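What the coordinates show
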Amino acid sequence: MAKSTTERLDADNAGVSRAAAILRAGGLVALPTETVYGLGADAGNDLAVARVFEAKGRPRFNPLIVHVASAEAARRIAGFNVDADNLADAFWPGPLTLVLPLVPGAGIAPLVTAGLDTVAIRVPSQPLAQALLAAFGRPVAAPSANRSGRLSPTSAEHVLDGLGGRIEAVLDGGPCPVGIESTIVGLVDAPRILRPGGLPAEIIEECLGHPLLLPAAGAVLSAPGQLASHYAPDAPLRLNATSTESGETLLGFGPVAADLNLSPSGDLVEAAANLFGHLRELDRRGVVRIAVSPIPDRGLGRAINDRLSRAAAPRV
Ligand code: TXA
Ligand code: MG
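Before going into details, it helps to say that this report is about the structure given with it. In this text the structure is predicted, and so the values were computed from the model without any measurement. (Residues numbered from 1 in each chain as written. Chains lettered and ligands numbered in written order. Predicted model: local features only at pLDDT ≥ 70, side-chain atom pairs only at ≥ 80, totals over all residues. Heavy atoms only, no water.)

1. A few points about the nonpolar core
Phe61, Leu87, Leu96, Leu98, Val112, Ile204 and Ile304 are the most contacted members of the largest nonpolar core, which has 75 residues in total. Considering each element in turn, this core owes the most residues, 9 residues, to helix α8 (residues 268-284). Apart from the residues lying within four places of it in its own chain, the contact partners of Val112 are Ala43, Val49, Pro63, Leu64, Val66 and Ala141. Leu31, Leu132, Phe136 and Ala169 belong to the second largest nonpolar core, which has 17 residues in total. (Core = buried A, V, L, I, M, F, W, Y, C linked by side-chain atoms within 4.5 Å. Buried < 20%, exposed > 50% of the residue type's maximum accessible area, 1.4 Å probe, protein only. Helix = DSSP H or I, 4+ residues; strand = E, 2+ residues; numbered from the N terminus. Contact = heavy atoms within 4.5 Å.)

Written out as structure tokens, the structure is:
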């Protein structure tokens, strides 16, 4: 539901309430943070999150950062350990993202984490971001508010240049003081630096009392911020299946008789929203082999096909 005109909301109570109302309705609002502008959506709404990928024209489903108002709110979503407690105490609110185990049943849409059991979470310090998170009262998923492959925006003008007409609104908080994305630290096994960013690694290491490790082998790839270890279902996948063979369960797309359908009406946004949840559901059912209907390779279909072909690739 990208609109043809994007509202520019002022940095006042009316602007914040309007932004919260748009998020509640499943719309997209670009919001200022101290690092860069984020493209915000209700983190509990898979369809809203799918629209984020569509608006950005992102060809891959990278997991997104969840933004919350306080460390207390973060603890309802992510499992904290001692290092996480220390880093949150020292650096939140601020330009630090922590990757932690996802609390099951926390209400985070599977598309936000790309189906992973971990979640990237941060508490931004920018006052308008804080005000919006308080007014909305729920976690907000937000990648940088730029078209895929373009520079991250540090002003409302930058956001409108890239995404004007593709999102409901931008909350104008002026220029971003830090201007580069948050530093991402993974705390799932040992503390690792997953992306250098607005908070220097040295300061984080000083707080932890030891050096940060590099990302685990195989966990990070070619392009920064691109993960190999996305969720893959237990059962093998066969793509572009126009019929099923014996022993296969059909994950359908469009008007086909399927065991589970990504979008009976052939809507790519709906299919993206359902992708990771449906793959998990097939695992839960203990299916042996999955056949997947052909998905058109345009718009979000490219990201869906990217994800499915990785899941179908031979496993090591
Ligand atoms: O400063 C920032 O971090 C900005 C503002 C808007 O908060 N956001 C941002 O989001 O840069 P984005 O989507 O461009 O970066 C998200 C990156 C992913 O590409 C991935 O590298 C990492 O965060 N990430 C997210 N979830 C992860 C997870 N569960 N495990 C490992 N890395 C994860
Ligand atoms: Mg980005």
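2. Remarks on the layout of surface pockets
The calculated volume of the second largest pocket comes to roughly 220 Å³. Lining the second largest pocket are Val68, Ala69, Ser70, Ala73, Arg76, Ile77, Ala106, Gly107, Leu133, Gly137, Arg138 and Pro139. Here the lining of the second largest pocket is composed, by residue class, of 7 nonpolar, 3 polar and 2 charged. (1 Å grid on protein atoms, 1.4 Å probe; cavity = no way out; pocket = protein on both sides within 12 Å on 5 of 7 lines; lining within 4 Å. Points joined across faces, edges and corners; volume = space filled by probe spheres on them. Nonpolar A, V, L, I, M, F, W, Y, C, P; charged D, E, K, R; others polar.)

3. So, helix α6 (residues 156-163)
Among the residues of α6, those classed as buried are Ala156, Val159 and Leu163. The buried residues of α6 occupy one face: seen down the axis, they fall within an arc of 60 degrees. Those residues of α6 hidden inside the fold are in contact with β1 (7-9), β2 (29-31), β3 (38-42), α2 (46-56) and β8 (169-171). Looking one or two residues beyond α6, the residue adopting positive phi is Gly165, at roughly 85 degrees. (Arc of directions from axis to C-beta.)

4. Thoughts on the packing of aromatic side chains
Scanning the model with the defined rule gives 3 aromatic pairs in all. Judged by centre distance (4.9 Å) and plane angle (85 degrees), the ring pair of Phe53 and Phe61 falls under edge-to-face. Take Phe53 and Phe61: they sit in the same class, and that class is buried. Ring centres 6.1 Å apart and planes at 75 degrees place the aromatic pair Phe61 and Phe276 in the edge-to-face group. Taken as a pair, Phe61 in the loop between α2 and β4 (65-67) and Phe276 in helix α8 lie far apart in primary sequence, 215 residues in all. A residue is classified by how much of its surface remains accessible, and Phe61, at 1% relative accessible area, is buried. Judged by relative accessible area, which is 1%, Phe276 ranks as buried. Aromatic ring contacts, followed pair by pair, group Phe53, Phe61 and Phe276 into a single cluster. (Phe/Tyr/Trp six-rings, centres within 6.5 Å; stacked < 30°, edge-to-face > 60°.)

5. A few points about the packing of helix α1 (residues 13-24) against helix α5 (residues 127-136)
Between α1 and α5, the shortest axis-to-axis distance is 9 Å and the interhelical angle comes to 50 degrees. Between α1 and α5, the interaxial angle falls into the category oblique. As for how α1 packs across α5, the hand of that crossing is right-handed. Packed against α1, whose contacting residues are Val16, Ala19, Ala20, Leu23 and Arg24, the element α5 presents Leu128, Ala131, Leu132, Ala135 and Phe136 at the interface. In the contact of α1 with α5, the residues fall into 9 nonpolar, no polar and 1 charged. (Axes fitted to C-alpha atoms, helices over the stretch in contact; angles between N-to-C directions. Parallel < 35°, antiparallel > 145°, perpendicular 65-115°, else oblique. Left-handed = near helix turned anticlockwise from the far one by under 90°.)

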